[in-house]
Amino acid sequence: MPLIEPLNQFANPEVKALVKFYNETLGFCPNSLLTMQRRPAIAEAFVHINKAVMDNKGRVTAEQKRLVGYLTSAQTGCRYCQAHTLLAAERYGGSEARLKNIWDFRDSDLYTAAEKALFEFALAASSVPNAVDEHIEQALKAHWDDGEIVEVLGVIALFGFLNRWNDSMATTLEEPAEEAGQKYSAEDNWTKGKHQ
């Protein structure tokens with residue numbers, strides 16, 4: 001049971017227009033945003049930063065950003081966000097093979113050297129304590145420019161917020177996201193956990 005029940009997506013006129021962003025990204029408005037609506041300014045600010053972070057200004061693709069979000073969420077244990085990022089990565093062109101094998105990225109030909117550098121950065125940056133070191137920095141800078149690195153760290157930081165929000169709230173997982181979690185992570189023993 002969630003700590004705070006989400007509101008109806010049309011409860012606050014200020015946030016109603018922002019819901020459209022998620023209808024494109026996920027096909028539905030997530031319960032996390034519907035909970036944030038209890039303080040519309042938080043929901044509005046969150047959507048604006050989400051749009052800014054997920055806007056592709058360099059070579060980092062929408063699918064790659066969602067895979068970075070997935071690894072960040074898996075590293076911190078947020079099952080809600082793991083499911084959401086898998087669903088979003090699929091919607092942005094992620095193949096079944098890439099989504100099912102993301103944890104084998106180090107040894108897989110499904111991912112480029114540039115992607116592998118992003119994924120190592122995601123795992124290190126979302127670790128506690130932070131594990132970004134000179135080796136990770138060098139690998140990252142060998143493939144990505146400063147603006148792209150800022151975009152990716154924005155994704156990692158955004159999901160740091162979401163991971164804490166959704167795990168603390170025990171946000172109820174929506175059916176399409178749960179289906180994506182089961183489809184792509186069943187072999188990794190993924191469950192929705194407390195997000196009932």
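Here the structure is a predicted model, which is why all the values come from computation and not from measurement.

J.: What am I meant to see in the overall build of the protein here?
T.: Scanning the protein from N- to C-terminus turns up 11 helices and zero strands. N-terminal to C-terminal, the α/β element order of the protein is α-α-α-α-α-α-α-α-α-α-α. For the protein, the C-alpha radius of gyration of 16 Å lies close to 16 Å, the compact-globule estimate for 196 residues. The C-alpha extent of the protein, read off along each of the three principal axes, is 45 × 35 × 30 Å. The buried share of the protein, taken over its 196 residues, is 51%.

J.: I'm lost on the environment of Ala-122 in this one. Help?
T.: Of note, Ala-122 is situated in helix α8 (residues 113-125). In this structure, Ala-122 is in contact with Val-68, Leu-71, Thr-72 and Ile-156, ignoring residues within four places of it in sequence.

J.: How should the side chain of Glu-151 be read in this particular structure?
T.: Here Glu-151 is to be found in helix α10 (residues 146-169). Taking the relative accessible area as the measure of exposure, Glu-151 reaches 11% and is therefore buried. With residues near it in sequence (within four places) discarded, Glu-151 still touches Val-53, Asp-55, Asn-56, Lys-57, Gly-58 and Lys-65.

J.: When you look at the packing of helix α5 (residues 62-76) against helix α6 (residues 79-91) in this model, what are you seeing that I'm missing?
T.: When two helices pack together, their arrangement is given by the angle between the helix axes and by the axis-to-axis distance. Here α5 crosses α6 at 165°, and the two axes come no closer than 8 Å. Of the possible angle classes, the one that applies to α5 and α6 is roughly antiparallel. In this structure, α5 meets α6 at a crossing whose hand is left-handed. Contact with α5, carried on its side by Glu-63, Arg-66, Leu-67, Gly-69, Tyr-70, Ser-73 and Ala-74, involves Cys-81, Gln-82, Thr-85, Leu-86, Ala-88 and Ala-89 of α6 and no other residues of that element. Looking at side-chain class alone, the contact of α5 with α6 contains seven nonpolar, four polar and two charged residues.

J.: Please explain the nonpolar core as it appears in this structure.
T.: As a rule of thumb, nonpolar side chains are buried together in soluble globular proteins. Ranked by size, the top nonpolar core spans 57 residues in total, and within it Leu-33, Val-68, Leu-71, Leu-118, Phe-119 and Phe-121 carry the most contacts. Ranked by residues supplied to this core, first place goes to α10 with nine residues.

J.: Any chance you could explain a negative patch on the surface here in plain terms?
T.: A contiguous patch of negative charge, built from Asp-104, Asp-107, Glu-187 and Asp-188, is present on the exposed surface. Relative to the elements of secondary structure, Glu-187 occurs in the segment after α11 (175-185). Judged by relative accessible area, Glu-187 falls into the exposed class, the value being 76%.

J.: Looking at this structure, I do not really get α5. What am I missing?
T.: If you check α5, its first and last C-alpha atoms are 21 Å apart, about what 15 residues at 1.5 Å a residue would give, namely 21 Å. Here α5 lies mainly inside the structure; 13 of its 15 residues are buried. A positive backbone phi angle near 90° is found at Gly-77, which sits one or two residues after α5.

J.: Can you help me understand the packing of aromatic side chains in this one?
T.: Aromatic rings in a pair are described by how distant their centres are and how their planes are angled relative to each other. Per the stated rule, a full pass over the model turns up five aromatic pairs. Pairing Phe-161 with Trp-165 gives two aromatic rings, centres 5.9 Å apart and planes at 25°, and the pair type is stacked. Here Trp-165 and Phe-161 lie together in helix α10, a separation of four residues that amounts to about one turn. We classify Phe-161 as partly exposed; its relative accessible area is 37%. Put simply, the rings of Phe-46, Phe-161 and Trp-165 pair up and form one aromatic cluster.

Rules used throughout
- Residues numbered from 1 in each chain as written.
- Predicted model: local features only at pLDDT ≥ 70, side-chain atom pairs only at ≥ 80, totals over all residues.
- Heavy atoms only, no water.
- Helix = DSSP H or I, 4+ residues; strand = E, 2+ residues; numbered from the N terminus.
- Rg over C-alpha atoms; globule rule 2.2 N^0.38 Å.
- Buried < 20%, exposed > 50% of the residue type's maximum accessible area, 1.4 Å probe, protein only.
- Contact = heavy atoms within 4.5 Å.
- Axes fitted to C-alpha atoms, helices over the stretch in contact; angles between N-to-C directions.
- Parallel < 35°, antiparallel > 145°, perpendicular 65-115°, else oblique.
- Left-handed = near helix turned anticlockwise from the far one by under 90°.
- Nonpolar A, V, L, I, M, F, W, Y, C, P; charged D, E, K, R; others polar.
- Core = buried A, V, L, I, M, F, W, Y, C linked by side-chain atoms within 4.5 Å.
- Patch = residues over 30% accessible without salt bridge, like charges linked within 9 Å, V, L, I, M, F, W, Y side chains within 5 Å.
- Areas by Shrake-Rupley, 256 points an atom, 1.4 Å probe, with all protein chains shown as cover.
- Salt bridge = Lys/Arg side-chain N within 4 Å of Asp/Glu carboxyl O.
- Lys, Arg positive; Asp, Glu negative; His and termini not counted.
- Charge placed at Lys NZ, Arg CZ, Asp CG, Glu CD.
- Expected span 1.5 Å × (residues − 1).
- Phe/Tyr/Trp six-rings, centres within 6.5 Å; stacked < 30°, edge-to-face > 60°.

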